[in-house]
Amino acid sequence: MKHKWDTWKGRYCMEAFRAVNFAVFPHRGVLGSGESRKSMEEMVRRIHTNWVIFTPSGMQKTPYSEEIRYDGEKSCTDEELYDMIRYAQSLGLKVALKPTVNCDNGVWRARISFFDHDVPCEPKWGNWFESHIAFQKHYAQIAQQAGCELFLAGCEMTMTEHRETEWRKLIAEVRTVYDGPVGYNCDKYGEDHITWWDAVDVIASSGYYPIDDWDNQLDRIEKVVKKFQKPFLFSEAGCMNIHGSAQVPNNWELQGEEDDAEQADWYRAMFTACRKRDWVKGFGIWDWPGNLEGLSPYAVCGRPAENVIAEEYGRRE
């Protein structure tokens with residue numbers, strides 16, 4: 001399927017990116033279940049989403065491992081992913097693919113790092129990037145063959161982002177197999193630390209900002225958007241239904257009492273602040289589960305936050 005960049009710049013994409021991160025980091029079998037199809041149907045029906053973001057996992061043992069694998073139980077099969085993309089398309093959804101590296105030992109991917117100079121018997125950037133490029137190209141080929149409308153080549157790889165030469169090579173390699181728009185999802189507070197935004201078509205970020213700090217952060221991000229003149233998305237945005245999460249929505253380890261109202265208030269604050277910034281082209285809500293019986297603290301379905309999102313997404317139709 002051939003993609004047209006002019007289409008991406010057109011009104012229907014730029015003003016209507018109403019996305020959800022669906023069944024995030026799906027283990028083998030999750031996307032192939034009937035429950036996932038039922039859940040996606042409910043998502044489309046209930047919150048007016050017109051995009052879905054899939055996040056297939058690549059796994060490395062530790063943040064210092066050089067090899068990324070995507071053929072184990074913690075990764076969906078290509079067949080499952082193809083089938084779910086086609087099902088999403090049959091429901092009228094546009095599809096973004098965001099292949100994401102995770103560590104088997106539970107360490108956050110932003111910690112992946114190596115010595116900046118090669119040292120014998122130590123893991124090396126060159127080996128890791130070779131594996132990362134192969135991982136991203138594998139899913140870029142799927143995105144091309146399945147007709148996905150956006151490819152996000154990585155997510156929250158904070159301690160790798162200073163390796164500008166390698167990242168430019170990765171983006172260039174992705175473009176050899178995928179001819180649609182290519183972006184990258186940086187972590188919160190990282191938008192103004194990346195020097196190679198000119199290499200991508202779309203700037204994306206994880207929007208986990210404190211409930212009372214949105215305007216300050218949007219002021220900062222706006223300078224980046226103006227400098228690089230690229231479309232901007234919060235391809236992740238979310239808050240747990242845990243008391244206190246609205247101040248630290250990025251802290252998935254926060255413990256406390258459930259507070260559905262606080263989660264809903266956080267979404268209201270984000271939408272209200274972003275509504276005043278026409279350069280924020282959309283959101284990827286984090287998250288909607290593949291099984292409606294298994295809700296994470298970030299899940300919005302069946303909670304007051306769902307109604308807030310449905311109202312905002314309905315406004316953006």
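Structure shown above.
Below: a short report on this structure. Numbering of residues begins from 1 in every chain and follows the order in which that chain's sequence is written. Since the coordinates come from a predicted model, pLDDT governs what is reported: local features require at least 70, and pairs of side-chain atoms require 80 or more to be given and counted, while whole-chain, interface and lining totals use all residues. The basis for every side-chain value is the complete set of heavy atoms in the structure, and neither hydrogens nor water enter the calculation.

1. Overview of the overall build of the protein chain
Step number 1: The helix count covers DSSP runs of H or I at least four residues long, the strand count covers runs of E at least two residues long, and both are numbered beginning at the N terminus. Secondary structure assignment for the protein chain yields nine helices and 10 strands.
Step number 2: At 18 Å, the protein chain has a C-alpha radius of gyration in line with the 20 Å of a compact globule built from 317 residues.
Step number 3: Judged by the C-alpha coordinates and their principal axes, the protein chain covers about 55 × 45 × 40 Å.
Step number 4: Partly exposed describes any residue whose relative accessible area lies between the buried limit of under 20% and the exposed limit of over 50%, with all areas from a 1.4 Å probe on protein chains only and scaled to the type maximum. Counting every position in the protein chain, which comprises 317 residues, the buried fraction comes to 58%.
Step number 5: Here the analysis covers contacts within the protein chain between residues at least 6 apart in sequence; of these, 75% occur between residues at least 24 apart.
Step number 6: As displayed, the protein chain offers around 13300 Å² of accessible surface, 49% of which is attributable to carbon and sulfur atoms.
Step number 7: We count Lys and Arg on the positive side and Asp and Glu on the negative side, and we leave His and both chain ends out. Lys charges are placed at NZ, Arg charges at CZ, Asp charges at CG and Glu charges at CD. In the protein chain, which carries 38 positive and 50 negative side-chain charges, the distance between the mean positions of the two groups comes to 5 Å. Here the globule rule is a power law, 2.2 Å times the number of residues to the power 0.38, and the radius of gyration is based on C-alpha atoms. Pairs of residues are marked as contacts when any of their non-hydrogen atoms sit within 4.5 Å. With residues, only the protein chains shown are counted as cover, and all accessible areas are computed by Shrake-Rupley using a 1.4 Å probe.

2. Details of the state of the cysteines
Step number 1: Disulfides are defined as pairs of cysteine sulfur atoms found within 2.5 Å of each other. Taken as a whole, this structure holds zero disulfides when the rule is applied.
Step number 2: Just so you know, C76 is unpaired, no disulfide at all, and the nearest cysteine sulfur is the one on C148, 12 Å from it.
Step number 3: For C76, a relative accessible area of 2% translates into the label buried.
Step number 4: Its relative accessible area of 0% is what places C148 among the buried residues.

3. So, the packing of helix α8 (residues 260–275) against helix α9 (residues 304–315)
The geometry of a pair of packed helices is captured by two quantities: the angle between their axes and the separation between those axes.
Step number 1: Viewed as axis vectors pointing N to C, α8 and α9 meet at an angle of 20°, and their least axial separation amounts to 7 Å. Between α8 and α9, the crossing angle belongs to the class labelled roughly parallel. Two packed elements cross with a definite hand, and for α8 against α9 that hand is right-handed. Contact with α8, carried on its side by D260, Q263, A264, Y267, R268, F271 and R275, involves P304, A305, V308, I309, E312, Y313 and R315 of α9 and no other residues of that element. Each axis is a line fitted through C-alpha atoms, and for a helix only the stretch in contact is used; angles between axes span 0 to 180 degrees, taken between their N-to-C directions. When describing relative orientation, an angle under 35 degrees is termed roughly parallel and one over 145 degrees roughly antiparallel, while 65 to 115 degrees is termed roughly perpendicular and anything else oblique. What makes a crossing left-handed is the near helix being turned counterclockwise from the far one by less than a right angle; a clockwise turn instead makes it right-handed.

4. Quick word on the sheet that holds strand β10 (residues 280–288)
Step number 1: The rule for pairing is simple: two strands pair if DSSP sees at least two bridges between them. The eight strands lie next to each other as β1-β2-β4-β6-β7-β8-β9-β10, forming a closed barrel whose pairing is parallel. On average, each strand axis in the sheet is tilted by 25° relative to the strand beside it, whichever way the strands run.
Step number 2: Bridge count for strand β8 (residues 202–207) against strand β9 (residues 232–237) is five bridges, and the pairing is parallel. Residue pairing in the sheet places G207 in a bridge with A237 of β9.

5. Points about helix α4 (residues 78–90)
Step number 1: Working rule for helices: expected span equals 1.5 Å times residues minus one. Its 13 residues give α4 an end-to-end C-alpha distance of 18 Å, which sits within 8% of 18 Å, the value for a rise of 1.5 Å per residue.
Step number 2: When we look at burial in α4, the residues that qualify are E80, L81, Y82, M84, I85, Y87 and A88.
Step number 3: Summarising the contacts, the buried residues of α4 are in contact with β1 (17–22), α3 (34–47), β2 (51–54), β4 (94–97) and α5 (125–146).
Step number 4: Looking one or two residues past α4, G92 carries a phi angle of roughly 90°, positive in sign.

6. Remarks on the side chain of N50
Step number 1: On the secondary structure map, N50 appears in the loop between α3 and β2.
Step number 2: Two N or O atoms count as a polar contact when they lie within 3.5 Å, although within protein this holds only if one can serve as hydrogen donor and the other as acceptor, and sequence-adjacent residues are included solely when both atoms are side-chain atoms. Here the side chain of N50 touches R18 through a polar contact of 3.0 Å, landing on its backbone nitrogen.
Step number 3: Beyond its immediate sequence surroundings of up to four residues, N50 is in contact with A16, F17, R18, G92, L93 and K94.

7. Points about the nonpolar core
For soluble globular proteins, nonpolar side chains are generally found buried alongside one another.
Step number 1: Residues F22, M40, F54, W214, F234 and Y267 are the most contacted members of the largest nonpolar core, which totals 83 residues.
Step number 2: When residues in this core are grouped by element, the largest group, 10 residues, is from α5.
Step number 3: Beyond its immediate sequence surroundings of up to four residues, F54 is in contact with F22, L31, M40, L81, M84, I85, A88, V95, A96, L97 and K98.
Step number 4: Side-chain atoms within 4.5 Å are what join buried Ala, Val, Leu, Ile, Met, Phe, Trp, Tyr and Cys residues into a set we call a nonpolar core. Of all hydrophobic cores here, the second largest spans 10 residues; its members include F17, W51, L150 and A204.

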